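Single-letter residue listing:
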Amino acid sequence: MDLLHRFVAGDLEAFEQLFRDHQRHVYAWIMRIVRNTATAEDLTVETFWRIYRSRTQFRPEGNFSAWAYRIATNVALDHLRRAHRETELPDNLLAPATPDPAASREARERIRSAFANLPPKYRLVATLALIEDAPYQEIAAAAGVSVALVKVRVFRATRLLRKQLRALSAEIGAQL
Amino acid sequence: MNPIDQSGASGKNRQEHDQELAELKHLLRQSMPPLSADQLEPSTDLWPQLRARIDSQLSADRANSQSISKTHWAGMRVPWFDWALAALATAALLFFPGIIPALLYHF
């Protein structure tokens, strides 16, 4: 019996093998969304726990990786919903690799605050598309929506951010 | 289809949108730079955490099912009326065995 059949049958060794094969990718995907190490680790465990619990719903002929990404995205989105308006991004992740004098600390704070105020489903696509530069197809597959819907959400996220940051953009644009 | 196209906006609008998107990306990336490869690696092996969670859930499920099973049998009370009915039915079958074929026919 192959690995996926054994996993569906409840074999813990097969599940551990799948976990070890996929944990880095799943963790990296969640980390790109939540941008916090401890949270990403907790959500990775939660993702694989959900995968284990719903193993009987998985068809062994299917794509385990795509299924895992879908569950990971849902877990991360649930987290963003819970933590909406409360999530604090750690400073070490916010500091630019090469300091730009145009972006003051205050400006970064305002951008960060505007970003944290985005509705979770927009924040998810905006993080992946605008910051991490993930391809729309990849985001769509992981979120279980169409590419067109991802584009619409990016567009709306952009519009919402633009509204909040209009004054700031003008200020920074004037400085540049 | 691009949302800009859906709204029927002109090419000029699309250009403006693309420019704004690029500016916004630049601003966002200044504040929240893309994560490096090092940051995308878990700091510890997460399997022990997951295994502990699976084990604790499995033992909780087992304890729960045992407790349900015990409660089920221990808490089972047959009312006296049911015992009386069962006794009457048995007596009827013993004293009037002729009704057995009739009962079988109806079942």
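Computed from a predicted model, the values in this text were never measured in an experiment.

A.B. asks: When you look at the overall build of chain A in this model, what are you seeing that I'm missing?
C.D. replies: Within chain A one finds nine helices and zero strands. Along chain A, from the amino end to the carboxyl end, the secondary structure elements read α-α-α-α-α-α-α-α-α. Counting all 176 residues of chain A, 32% fall into the buried class. Looking at chain A alone, contacts between residues at least 24 apart form 67% of all its contacts between residues at least 6 apart.

A.B. asks: Sorry, what's going on with the interface of chain A and chain B here?
C.D. replies: Interface extent is often summarised as the accessible area lost during association of the parts. The interface of chain A with chain B comprises 42 residues on the first partner and 28 residues on the second. Within the residue set of the side of chain A that touches chain B, elements represented by two or more residues are α2 (12–34), α3 (37–53), α5 (91–94), α6 (105–116), α7 (120–131) and α9 (147–175) of chain A. Here the element with the most residues in the side of chain A that touches chain B is α9 of chain A; it accounts for ten residues. In the side of chain A that touches chain B, the residues fall into 24 nonpolar, five polar and 13 charged.

A.B. asks: Is there a simple way to think about helix α8 (residues 136–143) of chain A in this case?
C.D. replies: Along an α-helix, a turn takes 3.6 residues, which lines up residues three or four apart on a common side. Residues and elements named next belong to chain A. Every buried residue belonging to α8 is among Ile139, Ala142 and Ala143, and all of these are buried. Viewed end-on, α8 has its buried residues packed into an arc of 90 degrees, placing them on one side of the element. Just beyond α8, the residue with positive phi is Gly144, at close to 70 degrees.

A.B. asks: I keep staring at the nonpolar core and nothing clicks. Help me out?
C.D. replies: Inside soluble globular proteins, nonpolar side chains tend to come together where they are buried. Ile30, Ala72, Ala76, Val125 and Ala126 of chain A are the most contacted members of the largest nonpolar core, which has 48 residues in total. Elements represented by at least two residues in this core include exactly α2, α3, α4 (64–82), α6, α7, α8 and α9 of chain A together with α2 (11–31) of chain B. Sorting elements by how many residues they give to this core places α2 of chain A first, with ten residues. When we break this core down by domain, the ones giving at least three residues each are domain 1 (1–83) and domain 2 (90–176) of chain A. Contacts of Ala126 of chain A, omitting those with residues within four sequence positions, involve Leu118, Val154 and Ala157 of chain A.

A.B. asks: For this particular structure, what's the right way to read the environment of Pro120 of chain A?
C.D. replies: Residue and element names in this part refer to chain A. Among the structural elements, Pro120 can be located in helix α7. Overall, Pro120 belongs to the partly exposed group, with 17 C-beta atoms counted inside 10 Å. A sequence separation of 112 residues divides Pro120 from Val8, and the C-alpha atoms of the two residues are 32 Å apart. The residues touching Pro120, leaving out its near neighbours within four places in the chain, are Leu77, Leu80, Arg81 and His84.

A.B. asks: What is the right way to look at the confidence of the model for chain A in this model?
C.D. replies: Detailed reading of the predicted coordinates is not advisable wherever pLDDT is low. Averaged over chain A, the pLDDT score is 85; the fraction of residues at 70 or greater is 82%. Below pLDDT 50 for its whole length, residues 89–98 of chain A participates in 15 contacts with residues either more than four positions away or in separate chains.

A.B. asks: Teacher, can you tell me more about the packing of α4 of chain A against α8 of chain A here?
C.D. replies: All names here are of chain A. Across the interface, α4 lies against α8 with an axial gap of 7 Å and an inter-helix angle of 80 degrees. For the element pair α4 / α8, the angle class is roughly perpendicular. Counted together, Ala66, Tyr69, Arg70 and Thr73 of α4 and Ala141, Ala142 and Ala143 of α8 form the full contact between these two elements. Of the residues assigned to the contact of α4 with α8, the class counts are five nonpolar, one polar and one charged.

A.B. asks: When you look at the domain arrangement of chain A in this model, what are you seeing that I'm missing?
C.D. replies: All names here are of chain A. Domain annotation for chain A reports domain 1 (1–83) and domain 2 (90–176). Taken together, the contact pairs 13 residues of domain 1 with 13 residues of domain 2. Of all the secondary structure elements, the ones that give two or more residues to the side of domain 1 that touches domain 2 are α2 and α4. Of the residues forming the side of domain 1 that touches domain 2, the biggest block, eight residues, is contributed by α4. A class-by-class count of the residues in the side of domain 1 that touches domain 2 yields seven nonpolar, two polar and four charged.

About the thresholds
- Residues numbered from 1 in each chain as written.
- Chains lettered and ligands numbered in written order.
- Predicted model: local features only at pLDDT ≥ 70, side-chain atom pairs only at ≥ 80, totals over all residues.
- Helix = DSSP H or I, 4+ residues; strand = E, 2+ residues; numbered from the N terminus.
- Buried ≥ 20, exposed ≤ 12 C-beta atoms within 10 Å, placed from the backbone.
- Contact = placed C-beta atoms within 7 Å.
- Nonpolar A, V, L, I, M, F, W, Y, C, P; charged D, E, K, R; others polar.
- Arc of directions from axis to C-beta.
- Core = buried A, V, L, I, M, F, W, Y, C linked by C-beta atoms within 7 Å.
- Domains from an automatic or database assignment.
- pLDDT = per-residue confidence, 0-100.
- Axes fitted to C-alpha atoms, helices over the stretch in contact; angles between N-to-C directions.
- Parallel < 35°, antiparallel > 145°, perpendicular 65-115°, else oblique.

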